Amino acid sequence: MADTNTATLKVEKLQQHLEKLCGATIRATSGQPSFRFRGQRPELHGKSAMIRAPHLRPDFEEDNFKSFRGAADAIALRILHSDSSLHQQLMPESNIGQLIFELLEQLRCESLVSELHPGARKNLEHRFRQWCKQFCASDTVDNQLGLMIFTIAQVVWCRLTSLPMNHESEDLIEPMRMMIARHIGGALMGMRKNTTDQRVFASHAHVIVDVLNSLLPEEDNEKPVKDKKANLNTSNFSLYLEPSAEDDNSDITQAGKSPQIRGIREILEQLNQYQIFTTKHDQVVMAEKLALPAQLDKFCKVQDQLLKNNAVNIPKLARDLAKIIPGKQFSGWNFSQDEGYIDGSMLTTLITSPQYLNIFRTQQQLPNGNCVVSFLMDNSGSMKEHIQPISNLISILCKALEMVGANTEILGFTTKSWQGGKSHKQWMRSGKPENPGRLCETRHIIYKDADTKLQRARRGIGAMLKLDLFKEGIDGEALLWAAKRLKQRSEQRKILIVLSDGCPMESASNQANTSSYLDNHLRQAASMIENTGEIELYALGFGLDLSPYYRHSLALEIPEKIENSIFKEILQMLMRRGV
Amino acid sequence: MSDIKIDQPDLMVSVRDVFSINSMLKVPAFSLRDEHVPEIDPDYVFNPEVTLAILAGFSNNRRVMVQGLHGTGKSTHIEQIAARLNWPCVRINLDGHISRLDLVGKDTIVVRDNQQITEFQEGILPWALRRPTALIFDEFDAGRPEVMFVIQRILERDGKFTLLDQNEVITPHNQFRLFATANTIGLGNSTGLYHGTQMVNQAQMDRWDIVTNLSYLPCEDEVKIIQGKVKSQDKPINVETIRSMIAVADMTRKSFAAGDISTLMSPRTVISWAENIGIFDNAAVAFKLSFLNKCDEAERPIIAEFFQRCFDLELSESWADTANQVMADGRH
């Protein structure tokens with residue numbers, strides 16, 4: 001048992017390291033800082049990058065490092081040279097067609113590798129040849145469809161890269177090549193000439209797809225690719241397409257597909273069981289977009305008034321926070337002081353003007369901003385009545401934190417509608433399948449992001465007072481979302497503070513699922529964040545003890561007016577970290 | 001410091017001829033070269049936008065600040081323009097220890113007629129103010145804000161300068177020019193790259209008439225610069241190699257922007273890499289010595305990946321061998 005564990009751990013580590021290196025290279029080549037690997041799948045701007053060509057998934061068991069490099073370079077080129085939305089728009093309907101189209105587009109991008117990157121060119125070639133070798137070795141080539149796909153891949157690749165074909169496969173594909181050559185000759189020529197024009201290239205690719213469709217027996221074409229998986233997927237070699245974004249409704253980091261990697265952490269597995277019926281209607285939105293400008297101005301005024309009228313000593317709060325938030329940093333000397341260290345260069349002054357005694361220097365300390373604090377506010381209906389003091393509390397804390405050099409982020413979560421809205425209706429229409437998972441349309445609101453200074457985010461923060469946004473809430477998902485945002489920050493210390501007055505509450509999901517479905521998910525999400533240790537998680541419960549969910553929580557009276565004492569308690573909670 | 005003999009610019013030179021920039025502009029210049037005029041670097045490549053901004057500073061008496069990442073040649077840019085206009089030029093490197101006395105002047109002890117006496121010695125600021133010089137404050141954001149208020153008044157075009165210690169008011173020479181270079185835009189060290197920079201007082205920032213930004217050059221310009229720098233070497237480097245070198249530098253810059261690595265290759269690093277190739281005759285060794293060893297150990301494998309892409313060579317820091325080993329182990 002222990003052996004299997006260490007082996008799994010090793011593979012997992014290896015995967016992490018590979019993804020770090022490959023990911024960094026992809027980001028550097030494509031200039032897209034938002035690129036990530038999520039469970040071995042390429043992801044761009046937080047969504048699946050929709051790069052699904054079959055040869056881009058090297059296998060830990062079979063392939064070497066160079067194959068991973070090749071796949072990484074291929075992905076980078078694809079991001080660089082392919083317009084994803086145009087590609088999706090031009091995508092043919094049949095499953096085999098999609099596979100071929102995806103492959104051809106990928107090969108087009110790979111042929112555009114810059115001559116400044118000879119190493120990348122070698123990696124790409126290595127990866128493709130390796131893939132061909134595995135294709136040859138598998139029994140996929142034994143059936144007509146497999147052989148045809150293989151032939152097209154080989155022929156197009158040779159044509160686009162002007163590189164010789166694999167020797168071992170040359171004989172294998174020769175008959176097939178002869179058969180389809182006269183059908184696709186023109187298209188091949190057109191593709192080669194138009195590698196830089198995605199649209200024209202796609203029109204030629206469509207010709208090839210059509211030829212393939214017409215040559216295939218009817219029933220082959222009807223079968224969905226996923227069924228094909230069964231007969232195409234032998235000895236670790238598979239041709240199936242990854243599911244596209246719509247099918248992919250899991251919002252939580254998936255463990256890799258390799259069975260060894262799957263299910264290492266129990267929590268992760270539990271989290272993975274959490275289902276979402278559809279993410280189609282979900283929304284992440286900047287708070288300013290949710291209210292009219294005139295409304296925002298009004299809210300700003302109210303906020304300013306609130307801030308003015310409170311009895312909190314913000315500078316003192318900042319000083320207290322400075323003791324908790326990473327310390328100050330030495331940033332040079334203050335000269336001409338009347339006490340401190342003697343400043344050598346001023347010694348002559350002591351003789352020339354003996355009355356002038358400011359010859360000392362002291363160390364100058366500046367607050368170190370290596371910390372980010374994110375506030376995640378529950379925007380459920382019951383928070384409505386307390387929002388003024390709570391928003392005031394948040395803005396005071398933000399102000400004080402900014403004074404000690406920390407960055408702050410204010411987020412909120414709610415749902416777009418009551419009773420599940422469109423998602424619920426969609427579920428009803430599709431015949432109420434059992435255990436649908438989360439059923440509503442979530443709305444995640446960004447009131448202030450960490451890069452915006454408080455002064456610039458006033459309008460966004462004002463929007464906290466817009467009461468008609470407050471509906472229901474899915475805490476677990478919001479927590480993971482906030483944590484994900486924090487993880488992308490470069491600051492050393494990351495603090496997430498949840499402010500809530502109740503447990504997750506969403507009537508549609510609660511009715512359609514087992515009891516405490518959402519509660520459990522919140523518990524799992526919180527414990528995952530706490531166990532990962534990268535982020536410090538705290539919760540402030542207003543009129544409610546949140547300790548069943550969070551390790552560090554604080555129950556507060558619902559405040560009528562914000563006073564110094566409330567911060568004392570919050571500071572104490574923050575100080576207890578690591579306990 | 002020796003005095004400057006020339007007084008007023010006596011020529012008008014065409015920007016198109018001197019700087020090869022497509023512009024009808026003519027700018028004043030001196031016909032005689034003073035010893036304070038910097039040496040001309042014939043291979044220097046001018047960035048049109050920045051050049052025009054600096055020239056506006058010279059011809060229209062504007063205060064110009066050039067901001068940009070390190071190693072992009074901000075100070076050299078100003079110097080090379082001054083060199084071509086024969087404009088005397090003084091560079092001051094600011095640091096956290098420069099005090100008001102250093103800039104304005106202080107009482108010093110001198111021996112005169114075998115007697116020790118104290119005497120006021122003028123600092124660089126009054127000296128430059130009285131002469132037709134271009135004064136360049138390098139690393140303006142490293143100067144401490146309270147000290148930098150010394151120059152607050154001369155940042156204004158007709159601002160006089162009062163020497164409190166001497167009870168004297170200095171009217172600046174009408175050909176006195178003031179420039180500054182800085183890595184940050186006066187908002188402190190926000191990227192974590194520039195340790196020791198200060199927040200600049202915004203009232204002061206406001207007084208700079210022109211703020212121009214010098215970022216990394218287009219690839220072709222950078223190639224030209226490197227070629228110019230290495231052409232005198234015994235073993236010239238071919239253009240393909242230079243292009244590959246810049247491709248590596250470009251990847252490090254993008255990677256830095258994405259937050260994967262914390263060091264990036266400035267044009268200066270590329271130049272020293274090229275020079276080191278001349279010494280060691282091996283691109284990989286020179287790369288290691290001029291850049292890789294400056295990087296965090298944990299980031300070296302990533303940079304080795306970039307190098308592999310552009311040169312198709314493995315560095316010893318590369319993870320390739322380890323990876324294949326570990327993968328082979330994993331299969332057993």
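How each quantity is defined
- Residues numbered from 1 in each chain as written.
- Chains lettered and ligands numbered in written order.
- Predicted model: local features only at pLDDT ≥ 70, side-chain atom pairs only at ≥ 80, totals over all residues.
- Helix = DSSP H or I, 4+ residues; strand = E, 2+ residues; numbered from the N terminus.
- Buried ≥ 20, exposed ≤ 12 C-beta atoms within 10 Å, placed from the backbone.
- Contact = placed C-beta atoms within 7 Å.
- Pairing = 2+ DSSP bridges.
- Axes fitted to C-alpha atoms, helices over the stretch in contact; angles between N-to-C directions.
- Nonpolar A, V, L, I, M, F, W, Y, C, P; charged D, E, K, R; others polar.
- Parallel < 35°, antiparallel > 145°, perpendicular 65-115°, else oblique.
- Left-handed = near helix turned anticlockwise from the far one by under 90°.
- Expected span 1.5 Å × (residues − 1).
- Bend = angle between axes of the 7 residues up to and from the residue.
- Core = buried A, V, L, I, M, F, W, Y, C linked by C-beta atoms within 7 Å.
- pLDDT = per-residue confidence, 0-100.

## Here's the deal with the overall build of chain A
Okay, step 1: Each helix and strand in chain A was counted, giving 21 helices and 13 strands.
Okay, step 2: Within chain A, the proportion of its 579 residues that are buried is 40%.
Okay, step 3: A sequence separation of at least 24 residues applies to 75% of the contacts in chain A between residues at least 6 apart.

## Describing the overall build of chain B
Okay, step 1: A count of helical and extended segments in chain B gives 13 helices and 11 strands.
Okay, step 2: Of all 332 residues assigned to chain B, the portion counted as buried reaches 39%.
Okay, step 3: Contacts in chain B between residues far apart in sequence, at least 24 positions, make up 68% of those at least 6 positions apart.

## Details of the sheet that holds strand β7 (residues 134–138) of chain B
Two modes of strand pairing occur in sheets, parallel and antiparallel, and in both the strands are linked by backbone hydrogen bonds.
Residues and elements named next belong to chain B.
Okay, step 1: Sheet architecture is open: five strands sit in the order β4-β7-β10-β3-β11, paired in parallel fashion. The sheet is open, and its two edges are formed by β4 (89–93) and β11 (210–213), each paired on a single side. This sheet shows a mean twist of 20 degrees between the axes of neighbouring strands, independent of strand direction.
Okay, step 2: Here β4 runs beside β7; their pairing, made up of five bridges, is parallel. Within the sheet, the bridge partner assigned to V90 lies in β7 and is L135.

## Points about the interface of chain B and chain A
Okay, step 1: On the chain A side, the residues contacting the 35 residues of chain B number 30 residues.
Okay, step 2: Within the residue set of the side of chain B that touches chain A, elements represented by two or more residues are β5 (105–112), α9 (239–258), α12 (300–311) and α13 (320–331) of chain B.
Okay, step 3: Of the residues assigned to the side of chain B that touches chain A, the class counts are 15 nonpolar, 11 polar and nine charged.

## Quick look at the environment of R300(B)
All names here are of chain B.
Okay, step 1: With respect to the helices, strands and loops of the structure, R300 is situated in helix α12.
Okay, step 2: Look at R300 and you get buried, because 20 C-beta atoms sit within 10 Å.
Okay, step 3: Linking R300 and K288, residues 12 residues apart in sequence, is a C-alpha distance of 9.8 Å.
Okay, step 4: When sequence neighbours within four positions are dropped, the list of residues in contact with R300 reads L292, C295 and E317.

## As for the environment of R438(A)
Okay, step 1: Along the chain, R438(A) falls in the loop between α16 (421–429) and β10 (442–448).
Okay, step 2: Discounting chain neighbours no more than four positions away, the residues touching R438(A) are Q275(A), I276(A), F277(A), I474(A) and S509(A).

## Observations concerning the packing of helix α8 (residues 219–230) of chain B against helix α10 (residues 267–280) of chain B
Packed helices, taken two at a time, are described by their axes: the angle between them and the distance between them.
All names here are of chain B.
Okay, step 1: For the pair α8 and α10, interaxial distance at closest approach is 10 Å and the crossing angle is 40 degrees. In terms of orientation, α8 and α10 fall into the oblique class. The way α8 lies across α10 gives a crossing that is right-handed. From α8, E222, I225, I226, K229 and V230 reach across to α10, where they touch P267, V270, I271, A274, E275 and G278.
Okay, step 2: Along the lines of polarity and charge, the residues of the contact of α8 with α10 split into seven nonpolar, one polar and three charged.

## With respect to the packing of helix α2 (residues 48–60) of chain B against helix α3 (residues 74–85) of chain B
Residue and element names in this part refer to chain B.
Okay, step 1: Close contact between α2 and α3 brings their axes to 10 Å; oriented N to C, the two are set at 55 degrees. For the element pair α2 / α3, the angle class is oblique. For the element pair α2 and α3, the recorded crossing hand is right-handed. Residue-level inspection shows V50, T51, I54, L55 and F58 of α2 in contact with α3, the latter providing H77, I78, I81 and L85.
Okay, step 2: Residue composition of the contact of α2 with α3, by class: seven nonpolar, two polar and no charged.

## Remarks on the pairing of strand β10 (residues 177–182) of chain B
All names here are of chain B.
Okay, step 1: Most of β10 sits inside the fold, with six of its six residues counted as buried.
Okay, step 2: Side chains of β10 alternate between two faces, with R177, F179 and T181 and L178, A180 and A182 buried alike.
Okay, step 3: Across four bridges, the pairing between β7 and β10 is parallel. When the bridges of β10 are listed, F137 appears paired with A180.

## Digging into helix α7 (residues 167–193) of chain A
All names here are of chain A.
Okay, step 1: With 27 residues, α7 should reach 39 Å at 1.5 Å per residue; the first-to-last C-alpha distance of 26 Å falls well below that figure.
Okay, step 2: At A181, α7 shows its maximal kink, close to 65 degrees.
Okay, step 3: Looking only at α7, the buried set comprises I173, I184, A187 and M191.
Okay, step 4: Buried residues along α7 sit in contact with α6 (144–161) and α8 (198–215).

## Here we look at the sheet that holds strand β4 (residues 283–286) of chain A
All names here are of chain A.
Okay, step 1: The strand order β4-β10-β9-β8-β11-β12-β13 describes an open sheet built from seven strands, whose pairing is mixed. With one partner strand each, in any of the chains shown, β4 and β13 (553–556) form the two edges of the open sheet. When strand polarity is set aside, the average angle formed by the axes of neighbouring strands in this sheet is 20 degrees.
Okay, step 2: Across the sheet, helix α15 (residues 387–403) is in contact with β8 (371–378), β9 (407–415), β11 (493–500) and β12 (536–542); its angle to β9 comes to roughly 155 degrees.

## Details of helix α5 (residues 118–137) of chain A
Okay, step 1: For α5(A), built from 20 residues, the straight-helix expectation of 28 Å at 1.5 Å per residue is met to within 8% by its first-to-last C-alpha distance of 29 Å.
Okay, step 2: Regarding α5(A), the residues found buried are G119(A), A120(A), R121(A), N123(A), L124(A), R127(A), F128(A), Q130(A), W131(A), C132(A) and F135(A).
Okay, step 3: Buried residues belonging to α5(A) abut α2 (65–81), α4 (95–111), α6 and α7 of chain A together with α12 of chain B.

## Here we look at the nonpolar core
Okay, step 1: The biggest cluster of nonpolar side chains holds 90 residues, and the ones touching the most others in it are I75(A), I100(A), I208(A), V270(B), A274(B) and F307(B).
Okay, step 2: For A274(B), the contacting residues outside a window of four places in its chain are I226(B), K229(B), V230(B), I237(B), I242(B) and M245(B).
Okay, step 3: Formed by 76 residues, the second largest nonpolar core is a distinct cluster that contains L480(A), A508(A), I529(A) and L546(A).

## Considerations on unusual backbone geometry
Okay, step 1: Not every positive phi belongs to a glycine, and S162(A) is a case in point at roughly 60 degrees.
Okay, step 2: Inspection of the secondary structure assignment puts S162(A) in the loop between α6 and α7.
Okay, step 3: A tally of 8 C-beta atoms within 10 Å means that S162(A) is categorised as exposed.
Okay, step 4: In the Ramachandran plot, N61(B) falls in the positive-phi region, its phi being about 55 degrees despite a non-glycine side chain.
Okay, step 5: Topologically, N61(B) is positioned in the loop between α2 and β3 (64–67).
Okay, step 6: Given 16 C-beta atoms within a 10 Å radius, N61(B) is considered partly exposed.

## So, the confidence of the model for chain A
Residue and element names in this part refer to chain A.
Okay, step 1: Chain-level statistics for chain A give a pLDDT mean of 80 and a share of 86% at 70 or above.
Okay, step 2: Within the model, the stretch residues 221–236 combines pLDDT values under 50 with 28 contacts to residues more than four positions away or in other chains.
Okay, step 3: In the predicted structure, residues 244–265 sits below a pLDDT of 50 and forms 43 contacts with residues beyond four places in sequence or in another chain.

## Comments concerning the environment of K568(A)
Residue and element names in this part refer to chain A.
Okay, step 1: Considering the arrangement of structural elements, one finds K568 in helix α21 (residues 564–575).
Okay, step 2: Under the C-beta neighbour-count criterion, K568 is labelled exposed, with 12 such atoms within 10 Å.
Okay, step 3: In sequence terms K568 and D320 are 248 residues apart; their C-alpha atoms lie 9.1 Å from each other.

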